[in-house]
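Examination of the molecular architecture
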Amino acid sequence: MDPIIINHPGLNLAGYSIATQMENGDNLRQIPEFWGEYAATLRQPLLAALGRADAAEYGLIHDFDPDSGRFGYMIGMECAQPLPLPPGCARRSTPPAKYAVFTTQPAGSDAEFGQAIQAAWRYIMQDWLPASKQWEQAPLGSFERYDGRCAPELPQRQMDIYIPVQPRHR
C-alpha cells in the first residue's frame with residue numbers, strides 16, 4: 001500500500017467531536033461507536049444545516065497529545081460558509097499542507113471495512129512512517145475521507161487516510 005503525496009488546500013469542517021485515547025485500544029472501540037451514533041442521530045441534522053442531501057464525510061484527528069495518547073476525533077463535512085449549525089456541532093480547520101494519502105484495501109461487509117481501516121492505520125503508523133527515508137509525520141491533524149466509494153450498498157468499499165508529512169530531518 002504505497003501512498004500518493006499531494007499538496008492539499010486545507011479543510012473547513014463542521015461536525016461533532018469526541019475525546020478518546022490510544023490506551024487500552026479505547027479509540028478502536030470508541031470511534032466506531034461514535035460513527036454509529038453519528039449515523040443514527042447526528043448526520044441528518046448536519047446535512048440539513050448545510051443544505052445538502054449528502055456529502056463526503058471526514059474523520060479528523062485533532063489535539064493529539066503524544067505523551068498521553070489522548071486526542072479528539074471529529075466527524076464532519078466541509079462547510080466553507082458561516083452557516084447556523086445544529087446544537088453540539090463545532091467548526092475546525094486544517095491548514096494547507098503536504099499529505100501522504102493511503103487508500104484502504106477493498107472490503108465487502110461492514111466488519112471487513114472496519115478491519116481494512118484499522119489495518120491501514122496500523123500499516124501507516126507501524127510500518128510506512130518508521131521505514132520512510134524521505135518523509136516524517138508533520139505536526140498537524142490527520143484525517144480520513146469517506147466518499148461515494150464507501151457506500152454500504154457497494155460490494156467493495158474503500159476510503160482514504162491523509163497523513164500530514166514533511167521531509168525527514170536527517
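One numbering rule holds for all chains: residues counted from 1, following each sequence as written. A pLDDT threshold of at least 70 governs which residues receive local features in this predicted model, and a stricter bar of 80 or more applies before side-chain atom pairs are shown or counted, although totals over entire chains, interfaces and linings include all residues. To obtain the side-chain values, all non-hydrogen atoms of the structure were included, while hydrogens and water were left out.

**With respect to helix α2 (residues 110-131)**
- The terminal C-alpha atoms of α2 lie 30 Å apart, and with 22 residues this matches the ideal 32 Å at 1.5 Å per residue to within 8%.
- Along its length, α2 reaches its greatest deviation from straightness, about 40°, at I124.
- Those residues of α2 lying buried are F113, A116, I117, A120, W121, I124, W128 and L129.
- The criterion used for residue contact is that any of the two residues' heavy atoms lie within 4.5 Å. Numbering of helices and strands runs from the N terminus; a helix is a DSSP stretch of H or I covering at least four residues, while a strand is a stretch of E covering at least two. Buried residues along α2 sit in contact with β3 (57-65), β6 (97-103), β7 (135-137), β8 (143-146) and β9 (160-167). Each residue after the first adds 1.5 Å to the expected span of a helix. One axis is fitted to the seven residues ending at the residue and one to the seven starting there. The bend at that residue is the angle between these axes. Think of it in three bands: residues with accessible area under 20% of the maximum for their type are buried, residues over 50% are exposed, and the middle band is partly exposed, with areas taken using a 1.4 Å probe on protein chains only.

**Looking at the pairing of β8**
- In terms of strand pairing, β3 meets β8 through four bridges, oriented antiparallel. Considered in β8, the bridge of L60 is made with F143. Pairing between two strands is assigned when DSSP locates at least 2 bridges connecting them.

**A look at the nonpolar core**
- What we call a nonpolar core is a set of buried Ala, Val, Leu, Ile, Met, Phe, Trp, Tyr and Cys residues that are connected through their side-chain atoms within 4.5 Å. Grouped together as the largest cluster of nonpolar side chains are 36 residues, with contacts concentrated most on Y38, L46, Y73, Y146 and I163.
- Counting only elements with at least two residues in this core, the list comes to β2 (11-21), α1 (26-50), β4 (70-78), β6, α2 and β9.
- The contacts of I163, once residues within four sequence positions are left out, are K98, Y99, A100, F102, W121, I124, L129, Q137 and S142.
- Within the second largest apolar cluster, 11 residues are counted, among which are L13, M74, V101 and F143.

**Notes on the environment of I163**
- By secondary structure assignment, the location of I163 is in strand β9.
- Remark: the alpha-carbon pair of I163 and E144, spanning 19 residues in sequence, is separated by 8.9 Å.

**Let's talk about the environment of M22**
- Looking at the secondary structure, you find M22 in the loop between β2 and α1.
- It is 9.9 Å that separates the C-alpha atoms of M22 and P66, two residues lying 44 residues apart in sequence.
- Residues contacting M22, with those up to four places away along its chain left out, are N27, F64, G69 and F71.

**Topic: the UniProt feature "domain: AraC effector-binding" (unreviewed entry) in the protein**
- UniProt positions are given in the numbering used here, feature names are shortened, and annotations may be inferred rather than shown by experiment. Listed under "domain: AraC effector-binding" (unreviewed entry) in the UniProt record, and renumbered for this structure, are residues 1-166.
- Between the end C-alpha atoms of residues 1-166 the distance is 19 Å, and the span holds 28% helix and 36% strand.

**A closer look at the pattern of salt bridges**
- Should a side-chain nitrogen of Lys or Arg be within 4 Å of a carboxyl oxygen of Asp or Glu, the pair is scored as a salt bridge. Here the structure, examined in full by the defined rule, presents seven salt bridges.
- Across the salt bridge formed by R92 and D63, the nearest N and O atoms sit 2.9 Å from each other. Residue R92 is located in strand β5 (residues 90-94), and its partner D63 is located in strand β3; the two are separated by 29 residues in the primary sequence.
- Residue class for R92 comes out partly exposed when judged on its relative accessible area of 28%.
- Of the charged contacts, one joins D147 and R145 as a salt bridge, the two residues approaching to 2.8 Å between their closest N and O atoms.

**Description of the packing of aromatic side chains**
- Two rings belonging to Phe, Tyr or Trp (six-membered ring only in the last case) form a pair when the distance between their centres is within 6.5 Å. Interplanar angles under 30 degrees mark stacking, angles over 60 mark edge-to-face geometry, and anything in between is tilted. Tallied over the full model, the rule gives 10 aromatic pairs.
- Both rings, one in Y99 and one in Y162, keep their centres 6.0 Å apart while their planes meet at 75°; by these two values the pair is edge-to-face. With Y99 in strand β6 and Y162 in strand β9, the pair connects residues that are 63 residues apart, well separated along the chain. As far as burial versus exposure is concerned, Y99 and Y162 are alike and both buried.
- With 6.4 Å between their ring centres and 75° between their planes, F102 and Y123 make a pair best called edge-to-face. You can see F102 sitting in strand β6 and its partner Y123 sitting in helix α2, a full 21 residues away along the chain.

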